[in-house]
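# Descriptive structure summary
Each chain, written out:
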Amino acid sequence: MFEDLRQWHSILKLTLKQLETFVFVSDLGGFGKAADQLNTTQPNVSSRISSLEECLGVSLMERDAGSIRLTSKGKKLLDQARKVVQSVDDLIHIAEAHDLYDGVVRIGVTEMVAHTWLNQFLKQFKARYPNTLIELIVDLAANLERELFHNNLDLTFQSGPFVHSMSGNLELGEFPMIWVTSPHSELCEIAEIKISDFASQPVITHAKNTLAYQEVATHFAAGAKNAVRLVPSSNLMVSVQMVADGYGTGVLLKPLVEEHLKAKALIALDYDWKPKQLAFFARFNSDRAPKVVENAALIAQIISQEMAATYNVE
């Protein structure tokens, strides 16, 4: 009887934080990454794992320099720990007790998102999850996808194409491309622009490893008799300014040039070809992500699709 009470007292010392930490360390493959995700320190993560092992009376993982490896018992217990954490996550979600979330959500966005509806998203997310921090990265879509696949990001707002599939994949809408140039460009004087007219100045567009660049390159390679010089850029807002300053003609996402068009710092060109609309998605691992990540994706979906609808009413 005494032994049973002692074991029960030991189990009572087991905490949700310990189980949550065990899951994050296992999924992310290290104490440092888990500490960043849980908004705590590496010593705290180590202490939680040690306390959990002491409480359960088992060794959960073997620690090597810079990495961890689950023991056979750790592998067996991981699924159970994940179920407990998931059940509590579901409980908080159903109760709508969003202020109980106090970790970090690592979000990666492309430049188009950063310069259009991101601020609105951040405000709405903060209103719903006041104690949850967002760690934000702005980068090229290909880089974001790689970081998401390697568990260095929880959620991305980006365009394709994609190399890796994700179980969480919400459509954020499609956004059009547009041809623009400086008001002082000679192309503004041409009533009906032909493909050969683009040989007179550089064409500024998206980075080389993007779908937009590939379409533009294919278009000019197939139809232009004279070589058209393409100037790809990984910084789209710099590209917009380059076009406004007369360094070339641009084919860019319309949301990024809209303010310049209104101010007449750029002029839209009527050319009978342009790249396809870029489709954007919110991507995450729905099998492992907590509800806060899925809800963040849903918030983004509503905001982005409302914005996309304004460009597709024509």
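No experiment lies behind these values; they were computed from the predicted model shown.

## Observations regarding the nonpolar core
By size, the foremost hydrophobic cluster in this structure holds 61 residues, and its most contacted members are Trp-117, Phe-121, Leu-155, Phe-157, Phe-198, Val-203 and Phe-220. Counting residues per element, this core draws most heavily on helix α12 (residues 291-310), at 9 residues. Setting aside residues up to four positions removed in sequence, Leu-155 forms contacts with Arg-106, Ile-107, Gly-108, Leu-148, Ala-282, Arg-283, Phe-284, Val-293, Ala-296 and Ala-297. Of all hydrophobic cores here, the second largest spans 20 residues; its members include Val-25, Ala-35, Ile-49 and Leu-78.

## Remarks on the sheet that holds strand β8 (residues 203-206)
Reading across the sheet, the 5 strands line up as β9-β8-β10-β7-β11 and stay open at both edges, with mixed pairing between neighbours. Two strands in the sheet have a free side with no partner beyond their single neighbour: β9 (230-233) and β11 (267-268). Direction of pairing for strand β7 (residues 177-181) relative to strand β10 (residues 249-253): antiparallel, over a ladder of 4 bridges. Paired with Ile-178 across the strands is Leu-252, a residue of β10. Sheet strands touched by helix α9 (residues 211-223): β7, β8, β9 and β10. Its angle to β8, the strand with the most contacts, is close to 145°.

## Let's talk about the confidence of the model for the protein chain
Looking at the protein chain, pLDDT values average 88 and 94% of them are 70 or higher. Summarising per-element confidence for the protein chain, the mean pLDDT is lowest in helix α1 (residues 2-12) (50) and highest in helix α7 (residues 118-128) (97).

## Remarks on the side chain of Gln-158
Turning to its location among the elements, Gln-158 is positioned in strand β5 (residues 155-159). A residue is classified by how much of its surface remains accessible, and Gln-158, at 0% relative accessible area, is buried. Looking at Gln-158, its side chain comes within polar contact range of the main-chain oxygen of Ala-141, at 3.0 Å. Look past the residues within four positions of Gln-158 in its chain and what remains in contact with it is Thr-110, Ala-141, Leu-144, Glu-145, Ala-279, Phe-280, Phe-281 and Arg-283.

## Some thoughts on the sheet that holds strand β12 (residues 278-284)
Spatial strand order, β4-β3-β5-β12-β6: 5 strands in an open sheet with mixed pairing. Across the chains shown, the open sheet's two edge strands, defined by having one partner strand only, are β4 (133-138) and β6 (168-175). Going from strand to strand, the sheet's axes swing by 15° on average, the running direction of each strand aside. Examined bridge by bridge, strand β3 (residues 104-109) and β4 share 6 bridges and lie parallel to one another. Paired with Val-109 across the strands is Val-138, a residue of β4. Contacts between α12 and the sheet are confined to β3, β5, β6 and β12, with β6 contributing the most and set at about 15° to the helix.

## Brief notes about the packing of helix α2 (residues 16-28) against helix α4 (residues 42-56)
Put simply, α2 and α4 touch, their axes get as near as 9 Å, and they point 110° apart. For the element pair α2 / α4, the angle class is roughly perpendicular. The two elements α2 and α4 cross, and the hand of that crossing is left-handed. Along the contact surface, α2 presents Lys-17, Gln-18, Leu-19, Thr-21, Phe-22 and Val-25, while α4 presents Val-45, Arg-48, Ile-49, Ser-51 and Leu-52.

## Points about helix α11 (residues 254-262)
Three or more residues of α11 are buried, namely Pro-255, Leu-256, Val-257 and His-260. Those residues of α11 that are buried lie in contact with α6 (111-114), β6, β7, α10 (236-244), β10 and α12. Looking at the residues trailing α11, positive phi occurs at Lys-264, about 60°.

## Notes on the environment of Val-138
One can find Val-138 in strand β4. Val-138 gets classed as partly exposed once you look at its relative accessible area, which sits at 48%. For Val-138 and Ile-107, which are 31 residues apart along the polypeptide, the C-alpha to C-alpha distance reads 8.7 Å. Residue contacts for Val-138: discarding those within four places in its chain leaves Val-109, Thr-110, Glu-111 and Ala-114.

## Concerning the environment of Leu-278
Relative to the elements of secondary structure, Leu-278 occurs in strand β12. Given a relative accessible area of 7%, Leu-278 falls into the buried group. Put simply, Leu-278 and Ser-200 are 78 residues apart on the chain and 27 Å apart in space, counted from C-alpha to C-alpha. If we ignore the near neighbours within four places in the chain, the residues touching Leu-278 are Ser-159, Gly-173, Glu-174, Phe-175, Met-177, His-206 and Leu-253.

The rules behind these values
Residues numbered from 1 in each chain as written. Predicted model: local features only at pLDDT ≥ 70, side-chain atom pairs only at ≥ 80, totals over all residues. Heavy atoms only, no water. Core = buried A, V, L, I, M, F, W, Y, C linked by side-chain atoms within 4.5 Å. Buried < 20%, exposed > 50% of the residue type's maximum accessible area, 1.4 Å probe, protein only. Helix = DSSP H or I, 4+ residues; strand = E, 2+ residues; numbered from the N terminus. Contact = heavy atoms within 4.5 Å. Pairing = 2+ DSSP bridges. Axes fitted to C-alpha atoms, helices over the stretch in contact; angles between N-to-C directions. pLDDT = per-residue confidence, 0-100. Polar contact = N/O pair within 3.5 Å; in protein donor to acceptor, adjacent residues only side chain to side chain. Parallel < 35°, antiparallel > 145°, perpendicular 65-115°, else oblique. Left-handed = near helix turned anticlockwise from the far one by under 90°.

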